[in-house]
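# Commentary on secondary and tertiary structure
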Amino acid sequence: MWLRTWHAATRLCYTCAGPKEPKRMNNKSGKRILAQFGSRRESRLRLRVIISLCSLPFFGMVAAFGTAPDTAYSFVPTRTVVESLDLSRAEQPDDANQVFWREERFRSGDTIADLLARLGVNEEEASSFVRHAKSGNSLRTLRPGTTVQARTADDGSLLALRYITDRNQLVGFDKQGSDFKAVEQKLALSQQQQMKSGEIRSSLFAATDAAGLSDNVATQLADIFAGDIDFHRDLRRGDKFTVIYEVFYHEGRAIKSGRLLAAEFINQGKSYRAVWFRDAEGKGAYYTPDGKNLRKAFLRSPLEFSRLSSGFAMRFHPILQQWRAHKGVDYAAPVGTHVKATADGTVEFAGRRGGYGNVVILKHQGGFSTYYAHLSRFAGGLKKGARVGQGDVIGHVGQSGWATGPHLHYEFHVNDQVRNPLTVALPAALPISAQQSTAFTAITGPLAAKLDLLKNTNLALLD
């Protein structure tokens, strides 16, 4: 081994002696040269070769140390192992009968049994609870849209039921043995202001739904501007609104919406604004930012959200089959729809009268009177001489008298002369007094400033 290494070393040294190819040698001359080379440098070459051979193991160890980790990692075989676990052999928890809190909304048209089924309560338990609830009339405050929570066992047993009423009360039941004990607790709710905006595409309710507003806020919005805008006939595609209103929270969860504090409605390019102000005596009302009272003496419409079917003009009477003046406005609406008094007044007549059918006639201050005809029925307690307030329900839409379909016929009289209720000038209520102007500005100024900031912002797209 040593000799082969030595010969290799001599060949390497010879090959590297110069760039030119060496002359060929015969065997004799080659032997002579090798003999001379060996005699003169044999001892020195042997020493160098021995040193080189002895150092090779050390360099090999260094190289191995530098490359072993990568090499070892690269050649370790890997494979994925999937094994099934036998869950039946898993250790059972100490409490094998688990309990769960579930949450559902009570929907319009729901029965208590429907709600309990969605909450995971078994039929036997649900039947027992319904019998208990009906006998005690304990769920009388449950309304569509209310969020209900139920605590149930894994076998579907009902352990507890909870929901929050409109009066900020936590109402529910706790199971005790085979019976259910009623629970009622007053809640402390936190209040925050919420801001929304939207645009009319088809109807007011469709726009408020798209903006994430509750029906409560939508109705307030229509009522606030009812003296200036007839929401049955004046709405146009592209009209916009912005609202600032109260939201009440319990433990970080929004429970209900409250009062509308400020609003702007842009109808056919004209802006209407309202801010809420409560005076030192506790009386509240909506005003324009400069202090004018938005409450008109008369509402523009006696109905909530219906379409106009016949205006104040000449028309061909569908029953008499002749052209005659139509001295009022007809509002098509489903039978039973609430009819509201458009102003404070006194009942002058409530009964049946000729082609009017069932009609209510109200007398108001200043020589004004209003007629509400073709009613299906009257509000309870309504009789001649009774006082009614603006917005009070006085009857329900019907088809009595000369009517070809369910609708309300509404007339507006000034000193016994018929006037068009859609165009007649309506007097306004008193504005903010000089004594209250400072307090009014301090409270409503920040609300008006927020409306300015939000005027060109579609907050429905930011939620």
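Residues numbered from 1 in each chain as written. Predicted model: local features only at pLDDT ≥ 70, side-chain atom pairs only at ≥ 80, totals over all residues. Heavy atoms only, no water.

By size, the foremost hydrophobic cluster in this structure holds 38 residues, and its most contacted members are L221, F225, F241 and F265. Broken down by element, this core gets its largest block of residues, six residues, from strand β7 (residues 240–250). (Core = buried A, V, L, I, M, F, W, Y, C linked by side-chain atoms within 4.5 Å. Buried < 20%, exposed > 50% of the residue type's maximum accessible area, 1.4 Å probe, protein only. Helix = DSSP H or I, 4+ residues; strand = E, 2+ residues; numbered from the N terminus.)

With that settled, the discussion passes to the side chain of E246. Inspection of the secondary structure assignment puts E246 in strand β7. A polar side-chain atom of E246 sits 2.9 Å from the main-chain amide nitrogen of R259. What E246 contacts, discounting residues up to four positions off in sequence, is Q191, Q192, K256, S257, G258, R259 and L261. (Polar contact = N/O pair within 3.5 Å; in protein donor to acceptor, adjacent residues only side chain to side chain. Contact = heavy atoms within 4.5 Å.)

Under the definition given, this model contains 14 aromatic pairs. With a centroid separation of 5.7 Å and an interplanar angle of 75°, the aromatic rings of Y287 and F440 are classed as edge-to-face. Highlighted residues: Y287 in strand β10 (residues 284–287) and F440 in helix α7 (residues 437–454), separated in sequence by 153 residues. F440 sits in the buried class, given a relative accessible area of 4%. (Phe/Tyr/Trp six-rings, centres within 6.5 Å; stacked < 30°, edge-to-face > 60°.)

It is worth spelling out the side chain of S400 at this point. Among the secondary structure elements, S400 is positioned in the loop between β20 (393–397) and β21 (407–414). With relative accessibility at 11%, the residue S400 sits in the buried group. In terms of polar contacts, S400 uses its side chain to reach the backbone carbonyl oxygen of L375, at 2.8 Å. Once residues within four sequence positions are removed from consideration, S400 is found in contact with R352, G355, Y356, G357, N358, H374 and L375.

A word on helix α6 (residues 215–224). Side chains of residues three or four places apart in an α-helix project in the same direction, reflecting 3.6 residues per turn. Buried residues of α6: V217, A218, Q220, L221, A222 and I224, and no others. Buried residues along α6 sit in contact with α5 (204–210), β7, β8 (253–267), β9 (270–278) and β10.

On to the sheet that holds β8. Within the open sheet, the five strands sit side by side as β6-β7-β8-β9-β10. Their pairing is antiparallel. Either end of the sheet is taken by a strand with one partner, and the two such strands are β6 (190–199) and β10. Ignoring which end each strand starts from, the neighbouring axes of this sheet average 25° apart. In this structure, β6 lies alongside β7, joined through ten bridges in antiparallel fashion. From the neighbouring strand, Q191 faces β7, where its bridge partner is F248. Those strands touched by α6 are β7, β8, β9 and β10, and its axis lies near 30° from that of β8. (Pairing = 2+ DSSP bridges. Axes fitted to C-alpha atoms, helices over the stretch in contact; angles between N-to-C directions.)

A few words on the pairing of strand β14 (residues 329–332). Alternating residues of β14 divide into V329 and Y331 and D330 and A332, and every residue in both groups is buried. Here β14 runs beside β21; their pairing, made up of four bridges, is antiparallel. Paired with V329 across the bridge in β21 is Y410.

Empty space within the largest pocket amounts to approximately 930 Å³. The wall of the largest pocket is formed by 25 residues, among which R105, G145, T146, T147 and I255 lie closest to the centre. Element by element, the count of residues in the lining of the largest pocket is highest for β8, at five residues. Here the residues of the lining of the largest pocket sort into seven nonpolar, nine polar and nine charged. (1 Å grid on protein atoms, 1.4 Å probe; cavity = no way out; pocket = protein on both sides within 12 Å on 5 of 7 lines; lining within 4 Å. Points joined across faces, edges and corners; volume = space filled by probe spheres on them. Nonpolar A, V, L, I, M, F, W, Y, C, P; charged D, E, K, R; others polar.)

Our next topic: the sheet that holds strand β5 (residues 179–186). With antiparallel pairing, the five strands of this open sheet are ordered in space as β1-β2-β3-β4-β5. The open sheet has two edge strands with one neighbour each: β1 (99–105) and β5. When strand polarity is set aside, the average angle formed by the axes of neighbouring strands in this sheet is 15°. Bridge count between β1 and strand β2 (residues 147–153): seven bridges; the pairing is antiparallel. Bridge pairing in β2 links W101 to R151.

Time to look at the confidence of the model for the protein chain. Scored by pLDDT, the protein chain has a mean of 77; 73% of the residues are at 70 or more. Considering each helix and strand of the protein chain separately, the mean pLDDT is smallest for strand β12 (residues 314–316), with a value of 39, and largest for strand β17 (residues 357–363), with 97. pLDDT under 50 marks residues 53–74. Its contacts with residues more than four places away, or in other chains, come to two contacts. Within the model, the stretch residues 88–96 combines pLDDT values under 50 with two contacts to residues more than four positions away or in other chains. (pLDDT = per-residue confidence, 0-100.)

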